[in-house]
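Listed below, chain by chain, are the residues.
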Amino acid sequence: MLFSLLELFYMRRFRLVVSELVEELRQCYLVGVRIAVLRYALLCPVVRARLGIKVAPVSHEALVVRAPVPWHHSFLTGTHHCHHNLFALNHLLNTLDTIWEDRFAKLRFVDMVALTGADEHKAPTPEVLEKAIRAQCADTRTVLLHKWLPAVSRVFGEQVESWRSLVPTDVDDSLRQVRRFFSAVRSRMSLQLRRLVLDSISDFRDCLVKHKAGNDYTGEYIEESFIERSVVEVSVTVQEKRVLFCPQLTETHDRLLSCLAAIIEHNQRIPRIERLLFPEMSRRRLYLHAVSAEEEAVEAVKAEVSALFSANAPGPSTYVAIYHQYTHLLDDTTLNLVQDFIENCGILKEGKKLLASLQLVSGQVVQLRDYVPLGLILLNCKDINHRLQQQVKELTAAILEYFVVRNKEHDKDVCRSFDEMSTKLSQVTDVTAEIVELSNYLHICSSQTMTQLLQEIQNATDRLMFLLQFGRVPEDQVPLINRMYAWPHKIQEDFRLAETRLSHKRDLKETALKARVANFEKTLQVYNKELEDLRGRDNFIMKEIRVDTMKRNVEMLERLTTQFQEARAELQAINEEQSLLSWEMTKFPLLQSMISLKEPYDKLWHTTYDFHQKYERWFNGPFIGLDAEAISEEVEAMWKTMYKLTKTFLDQVGSRRVAEYVKERIEKFRLHVPVLQCICNPGLRERHWNQLGEHLGTELNLTPETSLADMIEAGLPSVQRKLEEISHAASKEFSLEKALEKMKGEWANVVFEFKPWRETGVSILAAVDDIQVLLDEHTQKVQTMRGSPYVKPFEAEIRTWEEKLLSMQDILDAWIKCQVTWLYLEPIFSSEDIMKQMPVEGRKFTRVDATWRQLMGTAVKDPHALVATEQANMLPRLHECNRLLEEIQKGLNDYLEKKRLFFPRFFFLSNDELLEILSETKDPQRVQPHLKKCFEGISRLHFSAQQEIEGMISAEGELVQFSNRVIPAKARGLVERWLVEVEEMMVQSMQDVAVRAVENHPLTPHGLWITQWPSQVVLTVAQIVWTTDVTNILPKRGLKDYVGVCDSRIQEVVEMVRGKLEYGTRLTLGALIVTYVHGRDVVQELIRKGASSVTDFTWVSQMRYYWVNELVQVDMIMTRLQYGYEYLGNTSRLVITPLTDRCFRAQGTPGSVKGDSGGASKGRLGMPDGVTRWPKGRKKGAKWDLGEKGGTQGASGGIQRRLDEWENLLYELGVSHTSYQTLKQKKIVKDILIY
């Protein structure tokens, strides 16, 4: 029984062993088959390439080791670890590989075959190529995001059982396994993505590598040398009269590199599979490991692309050189030459030469290639070739058109000349001048004009032959040409007919002229007989000449005058006709003789008749209205005429007696002319006539009909002297009266000009200058009138007018003074804030404002000056207003002084600017326009939406954030209070920024660090770093190596300057270069002088910046300063030279800054000889440490001199002008000096 049981046990055991051995054999067989299949498959290069295996693995013989082995336990542990931690052989990852190989292995970011095109004469431009590659990259990225990742996600969903066990079920379980699993998935997918990117870059490179031989060539271009398809097309264009590439070759190079950059960009930020599987992780930044632009493989491709482009860059420049011979067409030289030729009416010979040269160029341009393959680059010359051809075509057409137009114009001119000759010669006239003119014209035409026209026809023939050779003659010009050639024969017939007709007309004119001369001689004899009859009359022996005799003789003389004028005109016409017919001119002396004989008789009888008529009106007519002065002058002229005539008619008794008779009558009337002048005085009044009556002893009764004869009969000639005195006094009084009336008349029309003042509802005076001038002029004039001895009749009236003018002067002065002050104060006290802060002054201004509005309202109703100044108590009311306004201004000044004492920087603002700020305390933004005057470097403050101050902004746009916010609302309207907080926050913020900048300097790349901090902090920290480095290196004698460090810093900044920078960063770099260069120069000087210790004078004499207890300390020789942290903005600086070093070194001596000499060495304000101004300083924001005592100075002038010198030095060391003035206002500097 036992045996049976044992047999049964071993049989079962045997079967189990046999089954295990059979299974093991089967597994070994399967593994062997797989190995054989794998080895066979790896023999194929295609399979190896698909799997990414470059070399087939080498098989090794099995090593049989008998157990137990020492590493057996380690093998089991490693096997267990790999089973639980190594997921490279996981079935799910193999599925991912299968998906990639089956569906996405051939995917590329770029398809260069599709981009370069099938047309061998076409290639994409760099811009089109870049856009197309970016579009392909975007499509590929879309495939990855919308096909690849979803496919992988579906695999994870379908095979969730293969990885679900890795996910912990308990909250406290570790996530280590699942994290490692998905890290393996990320690595596998990242490798697939990187293979895609690197293959795409390789394809792009392979497309370019075909042109690695370059395109440089010498001699003539041979197209067969460049058979490979070009990648990019570059056009040759003309811009600004120069042949250029479009785009430029450098831009083309950049575009090619941008294509590589596009591939790199589009493989970035591909999400990991976790973001698709787990919704709670969708917003986390989990991405596959992408290829970056800084990787060695990418950099190598970039370098290879750049090298390929450099090899293909010379060819285009070499080929474009063939266009240099056509520069004259591109830079408009030939165009200007053709234009000058046309404008200057060039001749036919020059036109032929110019046209031949253009045709030669046209033949050359036609043979130029439109598309030129040059390896990598395909030159598109179609545009420039077309432009050259078009230019030649247009210039040729312009020249031919010029000659066509010119030929037409010349032909028209020739025909027009023949037409004019024919028309003028065919004229029929009977006028002698026109007949002679036509005869002369006929002679000129036949002898001169005809020769010129024949030459013009010959020139037209030459132009016609030229046009027939190079072009064609317009059909509309053919009739004109035929007409021109027919004219020479036709005009000869016109000449013959005109000559016959003009000869006949001349004969007729000569016969008529002879008869005209004979008739004129007879007419002169008749006129001479009438004149002799007048001279021969001698019936003037009577004592008195009758009026009808005078009138008859005057009429006869006027008739003779008219006849003589007609005879003179006839004589002139006869002489002109004789001159035209080339006859000798007849003089006719009898006519001139008769005119000379008539002249004295004309004067005699006209004067006699005029005096007779006027005597009755002057002597017996009313004297009122007579012009005595004009009568006196006329009588004097008549007397002189008669006196001369008595001498002229010595041999003619009758005429002499008439002249003597009239002269005697004139002399008698002359005796009464002085009386006439006196009584015709317009200034004579009733009082004057009463005075004359008192002297005559009788009463003078004047009527409108009173005449000079009545006055003489009343006896006025007997008191002529007294009459003249009274008349003179009347004239003076009359002038004064008229002047007074004129002044009043002028003021009656004087009106004040008012204009509305803003939105106050009240008007103000405007343009009173003319009124002031008029008032001064009339005041002076009326005062002069009061001093006249003739003012008595209207003295009271003048005195009243003077008082009126003086009153107006006082009112106007007080008015203007009140208006000026009111205009200044009205905007101020219209603010509720000012009224609350100055209640007393506000009430006073309210009183003044009410009075002012009342006065102005009344004046505006009637703006006439005389009326507006007549208001009741106007002058006292204005004086009271001015007094109150002065008190208001005094109170206002005291109020502003208190504000300035609280915030001393207000001293740099004018009263108007300060009042503008204080009048709008609710709006802190009103301070912005005035910040530049208060703070050296702050242009404006940065406000938040809640009106809280967050930072300060310089004029260059640099923003520095405050360490803490300043809230103006907490000041409750006190602007000066929150401005003090701004000042304190400025210093604190600059100090905090400096601390952070010093801490970050060693942790951040130098170029990046420069752009992260304000300019002032960058410059200061740079000085601190330089001082620290030199201080540490100096004892170690490592200065020579440090020169290289300085040079590298300078070179780094220079490279940054050459790039694209913002304006503020460029300013910072410019100032930093100056600082770095000076630092290098100082190090070289230390090496040259053998400095080896920090106590050497060469080092001590330099300005050194130290970082002590998170504060900046500035040392130079014996002087030590603490940095003031005044924000100065982002400004440039001057180059530091040895001379400026001497200036600063002079200020660092013990007796200059820290002593009592105020920094004065010699020269202007303590400057070295030859220096006229302090250079801009070494550092910004320093203030003086005045802790040490100096010597005493007794004279105030010496103190002021030192203050001026200190101000210059402080400015150069970075203390702003505003900060120094603040110290000066608080009398800190002066008190210390005196102490």
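For the structure, see preceding data.
Treat the numbers as computed from the prediction; the structure is a model and nothing was measured.

Definitions and cut-offs
- Residues numbered from 1 in each chain as written.
- Predicted model: local features only at pLDDT ≥ 70, side-chain atom pairs only at ≥ 80, totals over all residues.
- Heavy atoms only, no water.
- Core = buried A, V, L, I, M, F, W, Y, C linked by side-chain atoms within 4.5 Å.
- Buried < 20%, exposed > 50% of the residue type's maximum accessible area, 1.4 Å probe, protein only.
- Contact = heavy atoms within 4.5 Å.
- Pairing = 2+ DSSP bridges.
- Helix = DSSP H or I, 4+ residues; strand = E, 2+ residues; numbered from the N terminus.
- Axes fitted to C-alpha atoms, helices over the stretch in contact; angles between N-to-C directions.
- Parallel < 35°, antiparallel > 145°, perpendicular 65-115°, else oblique.
- Left-handed = near helix turned anticlockwise from the far one by under 90°.
- Nonpolar A, V, L, I, M, F, W, Y, C, P; charged D, E, K, R; others polar.
- Salt bridge = Lys/Arg side-chain N within 4 Å of Asp/Glu carboxyl O.

*Asks:* Got a sec to walk through the nonpolar core? Specific residues and values, please.
*Replies:* Ranked by size, the top nonpolar core spans 111 residues in total, and within it W747, F752, W815, L941, M952 and W978 carry the most contacts. Once residues lying within four places of it in the same chain are set aside, the contact partners of W978 are P924, V927, L941, I949, V966, P968 and A971.

*Asks:* Tell me about the sheet that holds strand β7 (residues 940–943), residues and numbers included.
*Replies:* Spatially, β7-β8-β9 is the arrangement adopted by the three strands of the open sheet, whose pairing is antiparallel. With partners counted over all chains shown, the strands left at the sheet margins are β7 and β9 (959–966), one partner each. Direction aside, neighbouring strands of the sheet carry axes that sit 30° apart on average. Relative to strand β8 (residues 949–953), β7 runs antiparallel, the two being bridged by four bridges. Each bridged residue has a counterpart across the sheet, and for R940 the counterpart in β8 is I953. Along the sheet face, helix α35 (residues 975–1000) touches β7, β8 and β9 and points at about 120° away from the line of β9.

*Asks:* Would you mind going over the packing of helix α8 (residues 176–209) against helix α9 (residues 249–266) in detail, with residue names and values included?
*Replies:* Where α8 contacts α9, the two axes come as close as 10 Å, and the packing angle between them is 165°. Classified by the angle their axes make, α8 and α9 are roughly antiparallel. In this structure, α8 crosses over α9, and the sense of that crossing is right-handed. Of the residues in α9, those touching α8 at V197, S200, I201 and F204 are L256, C259, L260, I263 and I264. Class assignment for the residues of the contact of α8 with α9 results in eight nonpolar, one polar and no charged.

*Asks:* Describe the side chain of E130, and please don't skip the residues or the numbers.
*Replies:* Summarising the element assignment, E130 is placed in helix α6 (residues 126–158). With relative accessibility at 10%, the residue E130 sits in the buried group.

*Asks:* Which residues make up the pattern of salt bridges, and what values go with them?
*Replies:* Should the charged atoms of two oppositely charged side chains come close, the side chains can pair. As enumerated under the stated definition, the model contains 32 salt bridges in all. When the shortest N-O distance is used, the salt bridge between R905 and E983 registers 3.0 Å. Here R905 is found in the loop between α32 (874–902) and α33 (911–918), whereas its partner E983 is found in helix α35, with 78 residues between them in sequence.

*Asks:* Please set out the packing of helix α38 (residues 1039–1058) against helix α39 (residues 1063–1088) residue by residue, giving values where relevant.
*Replies:* Direction vectors running N to C along α38 and α39 enclose 165°, while the axes themselves pass 9 Å from each other. Between α38 and α39, the interaxial angle falls into the category roughly antiparallel. Note on packing geometry: the crossing formed by α38 with α39 is left-handed. Two secondary-structure elements touch here, α38 through L1039, K1040, Y1042, V1043, C1046, D1047, R1049, I1050, V1053, V1054, M1056 and V1057 and α39 through R1066, L1069, L1072, I1073, Y1076, V1077, R1080, V1083, Q1084, L1086 and I1087.

*Asks:* Can you explain the environment of Q783? Please cite residues and give values.
*Replies:* Within the secondary structure, Q783 sits in helix α27 (residues 769–786). For Q783 and R799, which are 16 residues apart along the polypeptide, the C-alpha to C-alpha distance reads 8.8 Å. Ignoring any residue separated from it by four or fewer positions in sequence, one finds Q783 in contact with E802 and L806.

*Asks:* Outline unusual backbone geometry, supporting the account with residue identities and numerical values.
*Replies:* The amide bond that connects C246 to the next residue, P247, takes the cis arrangement and shows omega of 0°. Assignment of secondary structure puts P247 in the loop between β2 (242–246) and α9. Even without being glycine, Y1125 reaches a positive phi, approximately 60°. With respect to the helices and strands, Y1125 occurs in the loop between β12 (1119–1123) and α41 (1138–1147). The class of Y1125 is buried, set by a relative accessible area of 5%.

*Asks:* Now, about the sheet that holds β2: what can you tell me, with residues and values included?
*Replies:* As summarised here, the arrangement of the four strands in space is β2-β1-β4-β3, forming an open sheet in which the pairing is mixed. A strand with exactly one partner marks an edge of an open sheet, and here the two such strands are β2 and β3 (371–374). Across the sheet, the mean angle from the axis of one strand to that of its neighbour is 25°, orientation sign disregarded. Pairing of β3 with strand β4 (residues 377–380), which is carried by four bridges, proceeds in the antiparallel orientation. Paired with P373 across the bridge in β4 is L378.

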